[in-house]
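Coordinate inspection notes
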Amino acid sequence: MHKLAQMNTPIFWAEGHPGSLNREDWELTVTGSCAKPHIFTWAELNALPQTEVQARLTSVTRWSVAGKWKGIPLSTILSEVEMNPSCRFIRFISYGEVYDTSIPLDIALLPKSILAHSFDGEYLSEDYGGPLRAFIPYLWGYKSAKSLVRIELMDFYVPGFWEIRGYTDSAEIEAGVCRDVNDGGKIKEIPDGEVLRFI
Ligand SMILES: Nc1nc2c(c(=O)[nH]1)N[C@H]1C(S)=C(S)[C@@H](COP(=O)(O)O)O[C@H]1N2
Ligand SMILES: [Mo]
């Protein structure tokens, strides 16, 4: 069984669950402010350098789950399509094109900002954003859009699904109490910023 499911990690699909998705046929379109927009096939994505990061997904609804997230560094994708110097935000669009969210370029270029396909050595199921999701541990979880079909390189900011509904555009993780999913949902204090540990 999937490790995230085993730990009872909450499953969020504000737009509705996408049902079953075909990993081998998955394609990711990368367009916008770049010289070489490209549709990456699953085989092409797999041929790119992979990275594994130990990090936490932390929700504004105050739970957090840690593990080894594996995938392609977002910076690699941005250099593959030859990003324009004018690009300032990276916009993620999920399957069905109802859910979207954007992050600033400086966060996108950080080493733990990845397009993740695996958690703790297993492919992500559809529940948790497989075949490929954004994983941005530095910001609240609503920036980690699941089941990505498109990435748009943007010269300006557009608010996403949750941002138009009142969540902050910056999604900076704020200190407070939080449930530790890895520890049976125990309530702990978190510092602000990327959650590296619980106090
Ligand atoms: N497409 C899509 N991506 C999404 C969401 C969503 O509702 N739809 N919820 C976001 C929020 S608020 C969080 S906290 C995480 C939760 O990830 P999980 O459902 O894999 O636990 O996914 C983010 N990505
Ligand atoms: Mo969330």
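Residues numbered from 1 in each chain as written. Chains lettered and ligands numbered in written order. Predicted model: local features only at pLDDT ≥ 70, side-chain atom pairs only at ≥ 80, totals over all residues. Heavy atoms only, no water.

1. A few points about the overall build of the chain
As a reminder, the rule being used: Going along the chain from the N terminus, every DSSP run of H or I of four or more residues is numbered as a helix, and every run of E of two or more is numbered as a strand. Just to be clear, the radius of gyration here is over C-alpha atoms, and the globule rule we use is 2.2 Å times residues to the power 0.38. Burial status follows relative accessibility: with a 1.4 Å probe on protein chains alone, a residue under 20% of its type maximum counts as buried, one over 50% as exposed, and anything between as partly exposed. The contact rule is simple, with two residues in contact once any of their heavy atoms fall within 4.5 Å.
In terms of helices and strands, the chain carries five helices and 12 strands. For 199 residues, the compact-globule formula gives about 16 Å, and the C-alpha radius of gyration of the chain, at 16 Å, lands near that figure. With the C-alpha coordinates of the chain rotated into their principal frame, the extents come out at 45 × 35 × 30 Å. Taking all 199 residues of the chain together, 50% fall into the buried category. Taking contacts inside the chain between residues at least 6 apart in sequence as the whole, the part at least 24 apart equals 66%.

2. Comments concerning the site of ligand 1
Filter applied, for reference: Think of it this way: one heavy atom of a residue within 4 Å of a molecule or strand is enough to make that residue near it. Polar contacts, as used here, are pairs of N or O atoms within 3.5 Å; protein pairs need one atom able to donate a hydrogen and one able to accept it. Residues neighboring in sequence count only if both atoms are side-chain atoms. To measure how exposed things are, a 1.4 Å probe is used in the Shrake-Rupley method; for residues, cover is taken only from the protein chains shown. Only Asp, Glu, Lys and Arg are considered charged in this grouping, and only Ala, Val, Leu, Ile, Met, Phe, Trp, Tyr, Cys and Pro are considered nonpolar; every other residue, Gly among them, is considered polar.
Lining the immediate environment of ligand 1, one finds 19 residues, of which P10, A14, E15, R133 and K146 sit closest. A14 is positioned with one of its backbone polar atoms (N or O) 2.7 Å from an oxygen atom of ligand 1. Between ligand 1 and E15, the relevant distance is 2.7 Å, taken from a nitrogen atom to a side-chain nitrogen or oxygen of the residue. For ligand 1, the protein covers 98% of the area, taking 530 Å² as the surface of the free molecule. Tallied by class, residues from the shell around ligand 1 come to 11 nonpolar, five polar and three charged.

3. Points about the sheet that holds strand β1 (residues 27-32)
Stated formally: Should DSSP find at least two bridges between two strands, the strands are taken to pair. As a rule, the C-alpha atoms of each element are fitted with a line to give its axis, helices using only the stretch in contact, and angles between N-to-C directions run from 0 to 180 degrees.
Spatially, five strands are ordered β2-β1-β10-β5-β6 in an open sheet, and the strand pairing comes out mixed. Lying at the two open borders of the sheet, with one neighbouring strand each, are β2 (38-41) and β6 (100-104). If you compare each strand with its neighbour and ignore which way they point, the axes differ by 20 degrees on average. Where β1 meets β2, four bridges bridge the pair, whose relative direction is antiparallel. Its bridge partner being in β2, L28 is matched across the sheet by F40.

4. Observations regarding the nonpolar core
Quick reminder of the rule: By nonpolar core we mean a set of buried residues, namely Ala, Val, Leu, Ile, Met, Phe, Trp, Tyr and Cys, connected to one another through side-chain atoms within 4.5 Å.
Counting 43 residues, the largest nonpolar core has I90, F92 and I151 as its most contacted members. Elements with a minimum of two residues in this core: β1, α2 (42-47), α3 (74-80), β5 (89-94), α4 (105-108) and β10 (148-154). Ranked by residues supplied to this core, first place goes to β10 with four residues. Look past the residues within four positions of I151 in its chain and what remains in contact with it is L28, T29, V30, T31, L74, I90, R91, F92 and L115. Counting residues in each nonpolar core, the second largest holds 15 residues, with V65, W69, F119 and F135 among its members.

5. A short note on the side chain of S118
Tracing the backbone through its elements, the reader meets S118 in strand β7 (residues 114-119). The exposure class assigned to S118 is buried, which follows from its relative accessible area of 7%. Within the local environment of S118, its side chain forms a polar contact with the side chain of H117, the two groups lying 2.8 Å apart. Ignoring anything within four residues of it in the chain, the contact list for S118 reads K68, W69, K70, Y123 and L124.

6. Quick notes on the pattern of salt bridges
Oppositely charged side chains can pair when the atoms bearing their charge come close. Filter applied, for reference: The salt bridge definition used is simple: a Lys or Arg side-chain nitrogen within 4 Å of an Asp or Glu carboxyl oxygen.
Tallied over the full model, the rule gives 12 salt bridges. Residues E97 and R150 are paired through a salt bridge, measuring 2.7 Å at the closest nitrogen-oxygen approach. Taken together, the residues E97 in the loop between β5 and β6 and R150 in strand β10 connect sequence positions 53 residues apart. Under the relative-accessibility criterion, E97 is labelled partly exposed at 48%. One salt bridge in this structure joins K186 and D183, with 3.9 Å as the shortest N-O distance. When its relative accessible area of 32% is taken as the criterion, D183 is described as partly exposed.

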